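As a plain string of letters, each chain reads:
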There are 2 protein chains.
Amino acid sequence: MTNNTFDFIGGENGEWKVISINTLCGASLEPVQYLDILPNLKNLPRNGIWKLTGFTSNVRYAEKEEREKLIAVQEDLGRSLATCAALIPIRKKESWWTMAQDERRKIFESKSHHTETGLKYLPAIARRLYHCRDIGQPFDFLTWFEYAQEDSDKFEELLFSLRKTEEWKYIDREIDIRLVKV
Amino acid sequence: MTNNTFDFIGGENGEWKVISINTLCGASLEPVQYLDILPNLKNLPRNGIWKLTGFTSNVRYAEKEEREKLIAVQEDLGRSLATCAALIPIRKKESWWTMAQDERRKIFESKSHHTETGLKYLPAIARRLYHCRDIGQPFDFLTWFEYAQEDSDKFEELLFSLRKTEEWKYIDREIDIRLVKV
């Protein structure tokens, strides 16, 4: 049994109402009104209009000190004040994946300060990373963020910072889906 | 569609004949006569007695120089001379997975010389790593090795070296299945 795998189902009902779908690069996704996040089951209660599947996993780049800082300050998903969310599925180029671990780490942190930047916006922005490259999905990652309405500007700032990094040059598909809790 | 995911099916027929199943630690697997490795499909042609599923992925620890050395010298699977094989499913303790990337890398290479040791036995021993921790499987990895009968001693030496490393202290389930090509 997998309890780390989830389906993101876009369709006509769900816990989150879609307020915008903005395709930044690569192919778009069909417009949907609502999104639900459900544990991955062989027989889904419904299929919706599209379904993206991803799993949580161990950390891939964070080093000991960074990980401890993250754990000390990050918040869980599902806070009642966090009524805003973003689902940003991304895919990276093949040239990213054929790099060795140290080459990817160098771009991820030494050059792009991915963890360092994320830390600045904790605990306001809660986030979770779902992996999906290895399971035949159209994206490599489903990135998920939850925050209070009053932290919306912080979230835009975080995205702006990440999108201008060297790491982001390796992204060839990115769709920014904004949601509010129903 | 996933083309990186494979089923290892133990049963009453298959391309590889099982000559021994030796449980080194943790729960055993039911004895089987044969093994087949087939692309993972929703509707399997047969289920066998047990089925283990794993996917190939990007490198997780090898650094640029190590990766280049590996690529330069390693051989593909399926060589006609490689009539011997080993399937060694392993699982690592939770304490391994909760470590940060640099902590795991330190044990994997600086202390245990995993890649360096493997390199010594290339190209004689061809190998492939299948990941399965993230997809709800009973093991974390399915490790697969192929070699000629005359390189059997080299293979035993490689296993002996790896099993006495610090990395191996984190393994809590390991089954060593030896096979010959039918």
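Residues numbered from 1 in each chain as written. Chains lettered and ligands numbered in written order. Predicted model: local features only at pLDDT ≥ 70, side-chain atom pairs only at ≥ 80, totals over all residues. Heavy atoms only, no water.

What to know about the overall build of chain A
Then, number 1: When helices and strands are tallied, chain A shows five helices and eight strands.
Then, number 2: Helices (α) and strands (β) of chain A occur, in sequence order from the N terminus, as β-β-β-β-α-β-α-α-α-β-β-α-β.
Then, number 3: A compact globule built from 182 residues should have a C-alpha radius of gyration of about 16 Å, and chain A, at 16 Å, falls within 12% of that.
Then, number 4: By its C-alpha atoms, chain A is 45 × 35 × 35 Å across when sized along the principal axes.
Then, number 5: Of all 182 residues assigned to chain A, the portion counted as buried reaches 49%. (Helix = DSSP H or I, 4+ residues; strand = E, 2+ residues; numbered from the N terminus. Rg over C-alpha atoms; globule rule 2.2 N^0.38 Å. Buried < 20%, exposed > 50% of the residue type's maximum accessible area, 1.4 Å probe, protein only.)

Side note on the side chain of Arg178 of chain A
All names here are of chain A.
Then, number 1: Of note, Arg178 is situated in strand 8 (residues 171–181).
Then, number 2: On the basis of relative accessibility, which here comes to 13%, the residue Arg178 falls in the buried class.
Then, number 3: At 2.7 Å, the side chain of Arg178 forms a polar contact with the side chain of Glu156.
Then, number 4: Only 2.6 Å separates the side chain of Arg178 from the side chain of Asp176, close enough to count as a polar contact.
Then, number 5: If sequence neighbours within four positions are ignored, Arg178 has contacts with Lys17, Val18, Ile19, Ser20, Ala85, Ala86, Tyr147, Phe155, Glu156 and Leu159. (Polar contact = N/O pair within 3.5 Å; in protein donor to acceptor, adjacent residues only side chain to side chain. Contact = heavy atoms within 4.5 Å.)

Some remarks on the relation of the copies chain B and chain A
Then, number 1: Least-squares fitting of chain B to chain A yields an RMSD of 0.0 Å, with the superposition described by an axial translation of 0.0 Å and a rotation of 180°. Read as a symmetry element, the transformation amounts to a two-fold axis. Minimal C-alpha separation from the rotation axis in chain B is found for Arg60 of chain B, amounting to 3.9 Å.
Then, number 2: Same-surface contact between copies: 100% of interface residues of chain B are shared with the interface of chain A. (Least-squares fit on C-alpha atoms with pLDDT ≥ 70 in both.)

Looking at the interface of chain B and chain A
Then, number 1: Of the residues lining the interface, 26 residues belong to chain B; the matching set on chain A comes to 26 residues.
Then, number 2: Both sides together, the interface formed by chain B and chain A hides about 2000 Å², and carbon and sulfur atoms give 47% of it.
Then, number 3: Summed over the three residues of chain B that lose the most area to chain A, namely Asn58, Gln101 and Asp134 of chain B, the buried surface amounts to 26% of that side.
Then, number 4: Counting across the interface, chain B meets chain A through two salt bridges.
Then, number 5: The partner of Asp134 of chain A in a salt bridge is Arg60 of chain B, with the nearest N and O atoms 3.3 Å apart.
Then, number 6: Viewed at the interface, chain A and chain B are joined by 14 residue pairs in polar contact (both at pLDDT 80 or more).
Then, number 7: Within the residue set of the side of chain B that touches chain A, elements represented by two or more residues are helix 1 (64–73) and helix 3 (101–111) of chain B.
Then, number 8: Of the residues forming the side of chain B that touches chain A, the biggest block, four residues, is contributed by helix 3 of chain B. (Buried area = accessible area lost by both parts, 1.4 Å probe. Salt bridge = Lys/Arg side-chain N within 4 Å of Asp/Glu carboxyl O.)

Examining the environment of Lys93 of chain B
All names here are of chain B.
Then, number 1: Tracing the backbone shows Lys93 in the loop between strand 5 (84–92) and helix 2 (94–97).
Then, number 2: For Lys93 and Arg173, which are 80 residues apart along the polypeptide, the C-alpha to C-alpha distance reads 8.7 Å.
Then, number 3: In this structure, Lys93 is in contact with Lys169, Tyr170, Ile171 and Asp172, ignoring residues within four places of it in sequence.

A look at the pairing of strand 5 of chain B
Residues and elements named next belong to chain B.
Then, number 1: A large share of strand 5 lies buried, amounting to eight of its nine residues.
Then, number 2: In this structure, strand 5 lies alongside strand 7 (residues 141–147), joined through seven bridges in antiparallel fashion. Opposite Leu87, over in strand 7, you have Trp144 as the bridge partner.
Then, number 3: Across seven bridges, the pairing between strand 5 and strand 8 (residues 171–181) is antiparallel. Note that in strand 8 the partner of Arg91 across the bridge is Arg173. (Pairing = 2+ DSSP bridges.)

Let's talk about helix 5 (residues 152–163) of chain A
Residues and elements named next belong to chain A.
Then, number 1: The end-to-end C-alpha separation of helix 5 is 17 Å, in line with the 16 Å expected for twelve residues at 1.5 Å each.
Then, number 2: Looking at helix 5, one finds that the buried residues are Ser152, Phe155, Leu158, Leu159 and Leu162. Burial along helix 5 is one-sided: seen end-on, the buried residues are contained in an arc of 120°. Among the exposed residues of helix 5, those oriented more than 90 degrees off its buried face are Asp153 and Phe160.
Then, number 3: Packing partners of the buried residues in helix 5 comprise strand 5 (84–92), helix 4 (114–120), strand 7 (141–147) and strand 8. (Expected span 1.5 Å × (residues − 1). Arc of directions from axis to C-beta.)

Overview of the packing of aromatic side chains
Residues and elements named next belong to chain A.
Then, number 1: The full count for this structure, using the stated rule, is 20 aromatic pairs over all chains.
Then, number 2: With a centroid separation of 5.9 Å and an interplanar angle of 35°, the aromatic rings of Trp97 and Phe141 are classed as tilted. With Trp97 in helix 2 (residues 94–97) and Phe141 in strand 7, this residue pair connects regions lying 44 residues apart in the sequence. As far as the burial class goes, Trp97 and Phe141 line up, both buried.
Then, number 3: Linked through ring pairs, Phe6, Phe8, Trp16, Tyr130 and Trp144 together constitute an aromatic cluster.
Then, number 4: Positioned above the aromatic ring of Trp96, the side-chain terminus of Lys92 is 3.8 Å from the ring centre. (Phe/Tyr/Trp six-rings, centres within 6.5 Å; stacked < 30°, edge-to-face > 60°. Lys NZ or Arg CZ within 6 Å of the ring centre and 35° of its normal.)

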